[in-house]
Amino acid sequence: MLAYGRDRSYFGRIRGGRRDHTMEAMPGLLRSVWDEPSPAAPPARVWRDWVLVGGFALAIVIEVLARPGLPWRWFAGGVALAVLPTLLWRRTYPLRMVAIAFVVCGLAPLVTGRDLGLNAFVYVLFLAYALLRWGSGREVLAGCAIIAAKLLFSLLVGYMPWSDAFGAFGVLFAVTALGAALRYRTRARQRELDQVKLLERERLARDLHDTVAHHVSAMIIRAQAGLATAASDPSAATDALRVIEAEASRALAEMRGIVKVLRTDEPVDLAPAPRVADLHGLAGRHVLGPAVEVAVTGDVEDLPSPVGTALYRLAQESVTNARRHARNATRIEVSVVADDSSVRLRVTDDGEAAPARAASSGGFGLAGMVERAGLVGGTCEAGPGPGRGWTVTAVLPRS
């Protein structure tokens, strides 16, 4: 149920050769489960946990009062209330909470000579779910052994009939399977999100590469011109050196931006990196979509190349999303406003603010836009407009 390592997984060994048998592969499977790490950053206690504990505490009290014929009902209620706080730490310490709850529930019948019989003990299912959802491989195996030992002990001493034991096992299996499924789904989505961020970093690296290559080419041309004219016109050689110095400074500043992003061995796109001036190419009326209006206000001529490219990419992605998802839209407005410290992008449309669009817009496209803006020190947000449609807002620093 957990994610297995690529090299030591059960299925990896089966693919490695047909001579492997199931019994030979099982130790590798168990090692993969044993080495499974805990999910990163489990959520801490929130107000819903306190509401959950309070609700079950009230249910325990009501059940104890409403079932006067239940033997040892006050003792059972006290045990249930004593174990109930384990729900508050079920994510951060899943194995410890499972051990406390199931050991206490397994040993308490030794005092009464029978099963406690309190229906409110159903809250231990939350602990079993949290074990598979947030525990490491070692904790999962140890916790499952504790749960199985509790059920087996209740059977052997006669506190639980076989029919109840099979029912309890089925419910626990369903709950733990749900926890494992959500654990796998969350991990798969995180891998997809990381892949989107990586692709956006590679794209930005290519844009920066093309910009730096332009500066280096300019330096080479100026150096060749300076060498050709140095003998006849020394002042021209001096001017060439000044230009080379300026281009080198720009190239160095932009090279520092490449250090923090990744790049694969894909062929370099020879087209120049897009800039703010290229936004006007998005404007116009299209046959299969709403018309696009572009307005640029302020000085955008001296924007650094990474900022200008990021601004264009964000606007391009926003316009593409609006054409794809904006129902019954007739107009898309792209507005760029620049001042001395930052440049602000705003893309709006007049489509319907349908709930389905809100769900589709929260996918990986927006994650890539947020990543792109963050890599140049800016922010990007998206959401329903004040009246109709959808609004994307990005703020990028000039430097």
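Being a predicted model, the structure only gives us computed values, none of them experimental.

**Regarding a negative patch on the surface**
Next, step 1: A contiguous patch of negative charge, built from Asp299, Glu301, Asp339 and Asp340, is present on the exposed surface.
Next, step 2: Checked against the element boundaries, glutamate 301 lands in the loop between strand E2 (289-297) and helix H11 (305-325).
Next, step 3: Owing to a relative accessible area of 72%, glutamate 301 belongs among the exposed residues under this scheme.

**Quick notes on the environment of valine 83**
Next, step 1: Take valine 83: it is sitting in helix H4 (residues 73-83).
Next, step 2: Judged by relative accessible area, which is 2%, valine 83 ranks as buried.
Next, step 3: With 17 residues separating them along the chain, valine 83 and isoleucine 100 place their C-alpha atoms 7.4 Å apart.
Next, step 4: Ignoring any residue separated from it by four or fewer positions in sequence, one finds valine 83 in contact with Ala101, Val104 and Tyr123.

**Observations concerning H11**
Every α-helical turn comprises 3.6 residues, leaving residues that sit three or four positions apart pointing alike.
Next, step 1: Between its terminal C-alpha atoms H11 stretches 30 Å, which fits the 30 Å expected from 21 residues at 1.5 Å a residue.
Next, step 2: With respect to burial, H11 is a largely interior element, 15 of its 21 residues being buried.

**With respect to the side chain of arginine 183**
Next, step 1: Mapped onto the elements, arginine 183 comes out in helix H9 (residues 162-229).
Next, step 2: Of note is the side chain of arginine 183, whose polar atom sits 3.0 Å from the backbone oxygen of leucine 132.
Next, step 3: A polar atom in the side chain of arginine 183 sits 2.6 Å from the backbone oxygen of glycine 135.

**Considering the pairing of strand E5 (residues 379-384)**
Next, step 1: As paired elements, E5 and strand E6 (residues 390-397) share six bridges and run antiparallel to each other. Bridged to cysteine 380 within E6 is alanine 394.
Next, step 2: Counting the residues in the hairpin turn of E5 and E6 gives five residues, including glycine 389, whose phi is positive at 75°.

**Some remarks on the packing of helix H5 (residues 94-107) against helix H7 (residues 124-134)**
The angle between the axes and the distance between the axes are what describe a pair of packed helices.
Next, step 1: Taken N-terminus to C-terminus, the directions of H5 and H7 make an angle of 150°; their axes are 9 Å apart at the nearest point. Looking at the two axes, H5 sits roughly antiparallel to H7. As for how H5 packs across H7, the hand of that crossing is left-handed. Touching Pro94, Leu95, Met97, Val98, Ala101 and Phe102 of H5 are Val124, Leu127, Ala130, Leu131 and Trp134, all from H7.

**As for the packing of H7 against helix H8 (residues 137-156)**
Next, step 1: At a minimum axis distance of 9 Å, the contact between H7 and H8 shows a crossing angle of 155°. When the axes of H7 and H8 are compared, the pair comes out roughly antiparallel. The two elements H7 and H8 cross, and the hand of that crossing is left-handed. Across the interface between the two elements, Ala128, Leu131 and Leu132 from H7 touch Glu139, Val140, Gly143, Cys144 and Ile147 from H8.
Next, step 2: Classifying every residue of the contact of H7 with H8 by side-chain character gives six nonpolar, one polar and one charged.

**Some thoughts on the pattern of salt bridges**
Next, step 1: Going through the model one piece at a time under the given rule, you end up with six salt bridges.
Next, step 2: Salt-bridge contacts for arginine 90 lead to aspartate 49; the nearest nitrogen and oxygen are separated by 3.1 Å. Of this pair, arginine 90 sits in the loop between H4 and H5 while aspartate 49 is found in helix H3 (residues 47-66), placing the two residues 41 residues apart along the sequence.
Next, step 3: Between glutamate 63 and arginine 67 there is a salt bridge whose closest N-O contact spans 2.7 Å.
Next, step 4: With a relative accessible area of 29%, arginine 67 lands in the partly exposed category.

**A few points about H5**
Next, step 1: For H5, with 14 residues, the first-to-last C-alpha span of 20 Å sits near the 20 Å given by 1.5 Å per residue.
Next, step 2: What H5 keeps buried is the set Pro94, Met97, Val98, Ala101, Phe102, Cys105 and Gly106. Mapping the buried residues of H5 onto a view down its axis gives an arc of 145°, with all of them on the same face.
Next, step 3: Elements that come into contact with the buried residues of H5 comprise H4, helix H6 (109-112), H7 and H8.

Thresholds, definitions, all that
Residues numbered from 1 in each chain as written. Predicted model: local features only at pLDDT ≥ 70, side-chain atom pairs only at ≥ 80, totals over all residues. Heavy atoms only, no water. Patch = residues over 30% accessible without salt bridge, like charges linked within 9 Å, V, L, I, M, F, W, Y side chains within 5 Å. Areas by Shrake-Rupley, 256 points an atom, 1.4 Å probe, with all protein chains shown as cover. Salt bridge = Lys/Arg side-chain N within 4 Å of Asp/Glu carboxyl O. Lys, Arg positive; Asp, Glu negative; His and termini not counted. Charge placed at Lys NZ, Arg CZ, Asp CG, Glu CD. Helix = DSSP H or I, 4+ residues; strand = E, 2+ residues; numbered from the N terminus. Buried < 20%, exposed > 50% of the residue type's maximum accessible area, 1.4 Å probe, protein only. Contact = heavy atoms within 4.5 Å. Expected span 1.5 Å × (residues − 1). Polar contact = N/O pair within 3.5 Å; in protein donor to acceptor, adjacent residues only side chain to side chain. Pairing = 2+ DSSP bridges. Axes fitted to C-alpha atoms, helices over the stretch in contact; angles between N-to-C directions. Parallel < 35°, antiparallel > 145°, perpendicular 65-115°, else oblique. Left-handed = near helix turned anticlockwise from the far one by under 90°. Nonpolar A, V, L, I, M, F, W, Y, C, P; charged D, E, K, R; others polar. Arc of directions from axis to C-beta.

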